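# Results of the structural survey
Here's the letter readout for the chains.
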Amino acid sequence: MVEDPSSQMSEDDDRSPPLDPGCPESVSESSSKTRNCTGISGSGSGSTSSIELQAPYPDQVLENVLENVLCFLTSRRDRSAASLVCKSWYRAEALTRSELFIGNCYAVSPRRATARFTKIKSVAIKGKPRFADFNLMPHNWGAHFSPWVASMAKAYPWLEKVYLKRMSITDDDLALLAESFPGFKELVLVCCEGFGTHGLGMVANTCRQLRVLDLIESEINDDDVDWIDCFPESHTYLESLIFDCVECLINFEALERLVARSPRLKKLRLSRLLSIGQLYRLMVRAPQLTHLGTGAFSTSDGMIQSEQEPDYASAFAACRSLVCLSGFRETLPELLPAIYPVCANLTSLNFSYANISAEQLKPVIRHCYKLQTFWVLDSICDEGLQAVAAACKELRELRVFPFDAREDIEGPVSEVGLQAISEGCRKLESILYFCQRMTNAAVIVMSKNCPDLAVFRLCIMGRHRPDHLTGQPMDEGFGAIVMNCKKLTRLAVSGLLTDRAFSYIGEYGKSVRTLSVAFAGDSDNGLKYVLEGCPKLQKLEIRDSPFGDAALRSGLHHYYNMRFLWMSSCRLTRQGCREIAREMPRLVIEVMRDEFVEEDPGENVQILYMYRSLEGPRDDTPKSVDIL
């Protein structure tokens, strides 16, 4: 069993170096070796000046050299490896780090993080696990930003960037952030909650050098504050303004003035409350845009009608640098021709809010031959995916979302569309595909045609659905994916799957870091295959599967190396979880229950969330969460 998670963590692309001041056992030996390796030598028989140069501070000389070298390391994995070499490398890596990434806000305390890394200019923190997006966690679970911003306000006066995902943020937090960092430039809030327009107004008014304010899929309270009008009245440094998730009314006149006095603005994504007529006025003001979210791609009865309908196509044509289009909420199909002039330059197109058909898509997609990222609703049907496959030979990422997510309907996309994509888009690296029916044959074809796949997420809606042509489990299809796609790092499985599928994953999925499982497997053996066979596994999400205490115990050797394990509606007991907690004291094991149900659930565990932590159990759990 691994005793020290800080020195033995395996690393992935989303993780910071270990934050425990402790070092590996071999530190003293390694550091003494480096002290004896001087890089200065005299000529001839040596000289006193040579000795004087070598003798005083060899460690300091080495660390100065290291600091200059480590500045070129940008990968978190590389930096983590460097920090584990010896004490001097550990210190030098901390001193040269300007970006801090916290993959779990409870894995380390703000105090420990700020004490080790003292020259940070950019902080990224993730809070709740992904299942919070599906209402599978207590609403008040935690992930509060308050202790973090309080510590950073004291430790990082030169902080410029903050990225938060699934965090609970208050207006007071935003006010403290705005007041504490005079050179603050970038704020990105993804799937966050708790704050409102008052806090946004504080940021806009106080952060005079603000370049980025991105609000992505977050819940913003309406405090009756005109936050758009709070930006500086002269000119701004804004380069990106994203607020497509904001549901409260926007002062359009203030927005238009803001865009006009922001000559550096490159990215603008509007809320659904703004019409295409208002979009036109903004585009005329900002032809330099490269990324545009259209808001509602329809007219509004409340807008003032001009004598003549604006020439929307000319406005798009004037935006010669436009490479990314999104939005298209409440789309009127007859307005889609307006975007034809920019299709040839697009590398990213997001139609995931546009309920359009294959016939409406075809005139658009046939010109998008540079497209690399495409998100769309399944309303385009298999026929629309065939058109994508014919036109978009450079496609790297595809996401197909369900317009109607019910399990009991006959979905409009199937193995036909998936196979067409695999045959036409051979450079595909990432796919998320929602459907109601699939075949092993189509998945096997994709595994052979698209060997560069790093992300494969096939979501067959409906529980335990087999290959709809043969009636067989989907084992061989997913087995082919892990066998043939050697770069695979993220996998989501669904449909009727037996333990055989998990044996394939354990045997061939040596690079898989994130695995999501739903309604799959026969017995504990399925999870055992994965935990014993996937050495790089970092994030494991399981729901509604027949895995119990024995399966959970099979991962004892690996849990300290993982970021988290989530299991809901499985066959776990509290006693089994308590045994894990006793044997692995540096893991935090949270057991959750329905926050609206008062009765004792007994020994059955509804939700298990297990993660490593250098701090031990947190002290801000709600009543519906027990830490074992």
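Conventions we followed
- Residues numbered from 1 in each chain as written.
- Predicted model: local features only at pLDDT ≥ 70, side-chain atom pairs only at ≥ 80, totals over all residues.
- Heavy atoms only, no water.
- Helix = DSSP H or I, 4+ residues; strand = E, 2+ residues; numbered from the N terminus.
- Buried < 20%, exposed > 50% of the residue type's maximum accessible area, 1.4 Å probe, protein only.
- Contact = heavy atoms within 4.5 Å.
- Areas by Shrake-Rupley, 256 points an atom, 1.4 Å probe, with all protein chains shown as cover.
- Salt bridge = Lys/Arg side-chain N within 4 Å of Asp/Glu carboxyl O.
- pLDDT = per-residue confidence, 0-100.
- Pairing = 2+ DSSP bridges.
- Right-handed = clockwise from strand over helix to strand, strands pointing away.
- Axes fitted to C-alpha atoms, helices over the stretch in contact; angles between N-to-C directions.
- Parallel < 35°, antiparallel > 145°, perpendicular 65-115°, else oblique.
- Left-handed = near helix turned anticlockwise from the far one by under 90°.
- Nonpolar A, V, L, I, M, F, W, Y, C, P; charged D, E, K, R; others polar.
- Lys, Arg positive; Asp, Glu negative; His and termini not counted.
- Phe/Tyr/Trp six-rings, centres within 6.5 Å; stacked < 30°, edge-to-face > 60°.

For the rest of this paragraph, the subject is the overall build of the protein chain. Looking only at helices and strands, the protein chain features 22 helices and 21 strands. Counting every position in the protein chain, which comprises 628 residues, the buried fraction comes to 54%. The contacts of the protein chain with a sequence gap of at least 6 include a subset with a gap of at least 24, amounting to 71%. As displayed, the protein chain offers around 26,900 Å² of accessible surface, 49% of which is attributable to carbon and sulfur atoms.

Overall, the coordinates contain 35 salt bridges when judged by the stated rule. Notably, a salt bridge pairs R79 with E93, separated by 2.9 Å at the nearest N-O pair. Taken together, the residues R79 in helix 5 (residues 76-83) and E93 in helix 6 (residues 87-96) connect sequence positions 14 residues apart. One salt bridge in this structure joins D620 and R618, with 2.8 Å as the shortest N-O distance. For R618, a relative accessible area of 11% puts it in the buried group. Taken together, the shared-partner salt bridges connect R79, E93, R97 and R116 into one network.

In this model, A143 sits at a positive phi of 60°, which is unusual for a non-glycine residue. Mapped onto the fold, A143 is located in the loop between strand 2 (122-126) and helix 8 (146-155). By relative accessible area, A143 is classed as buried at 0%. For C191, which is not glycine, the phi torsion reads 55° and is therefore positive. Mapped onto the elements of the fold, C191 is located in the loop between strand 4 (186-190) and helix 10 (197-206). Look at C191 and you get buried, because its relative accessible area is 17%.

Turning our eyes to something else, we now look at the environment of L279. Summarising the element assignment, L279 is placed in helix 12 (residues 276-285). Considering only alpha carbons, one finds L279 and S298, 19 residues apart in sequence, at a separation of 9.9 Å. Once you skip the residues sitting within four places of it in the chain, L279 turns out to touch L270, L292, T294, F297 and F316.

Take the confidence of the model for the protein chain next. The predicted model of the protein chain has a mean per-residue pLDDT of 88, with 88% of residues at 70 or higher. In the predicted structure, residues 1-56 sits below a pLDDT of 50 and forms 96 contacts with residues beyond four places in sequence or in another chain. Predicted confidence for residues 301-306 stays below pLDDT 50, and this span has three contacts to residues more than four positions away or in other chains.

Within helix 16 (residues 415-424), seven of the ten residues are buried, leaving the element largely enclosed by the surrounding structure. All of the buried residues along helix 16 are E415, G417, L418, A420, I421, S422 and G424. Elements in contact with the buried residues of helix 16: helix 15 (381-391), strand 12 (397-401), strand 13 (430-435) and helix 17 (440-449).

Walk down a regular strand and you will see the side chains alternate between the two sheet faces. Of all five residues that make up strand 12, four are buried, and the element is covered over most of its length. Bridge count between strand 11 (residues 373-377) and strand 12: five bridges; the pairing is parallel. Each residue of the ladder has a partner; that of V376, found in strand 12, is V400. In the classification by handedness, the crossover that spans strand 11, the intervening helix 15 and the parallel strand 12 is right-handed.

With that out of the way, let us pick up the packing of helix 8 against helix 9 (residues 171-180). The interhelical angle for the contact between helix 8 and helix 9, taken along N-to-C directions, is 15°, at an axis separation of 10 Å. Put simply, helix 8 runs roughly parallel to helix 9. For the pair helix 8 and helix 9, the sense of crossing is left-handed. Counted together, S146, V149, A150 and A153 of helix 8 and D173, L176, L177 and S180 of helix 9 form the full contact between these two elements. Partitioned by chemical class, the residues of the contact of helix 8 with helix 9 number five nonpolar, two polar and one charged.

This part covers the side chain of D467. Along the chain, D467 falls in the loop between strand 14 (455-460) and helix 18 (475-484). Of the buried charged residues, D467 lacks a salt bridge, with R437 as the closest side chain of opposite charge at 10 Å. Contact partners of D467, with chain neighbours within four places excluded, come to M438, T439, N440, A441, Q472 and M474.

Glancing now at helix 20 (residues 524-533). Owing to its 3.6 residues per turn, the α-helix aligns residues three or four sequence positions apart on the same side. For helix 20, the complete set of buried residues consists of G526, L527, V530, L531 and G533. In this fold, the buried residues of helix 20 make contact with helix 19 (499-508), strand 16 (514-518), strand 17 (539-543), helix 21 (549-553) and strand 18 (564-568).

What follows concerns the packing of aromatic side chains. Counting across every chain of the model gives 18 aromatic pairs. Ring plane angle 80° and centroid distance 6.0 Å describe the contact between Y280 and Y312, whose orientation is recorded as edge-to-face. Pair noted here: Y280 is in helix 12 and Y312 is in helix 13 (residues 312-318), with a separation of 32 residues, a long-range link. Relative accessible area serves as the criterion here: at 24%, Y280 is assigned to the partly exposed category.

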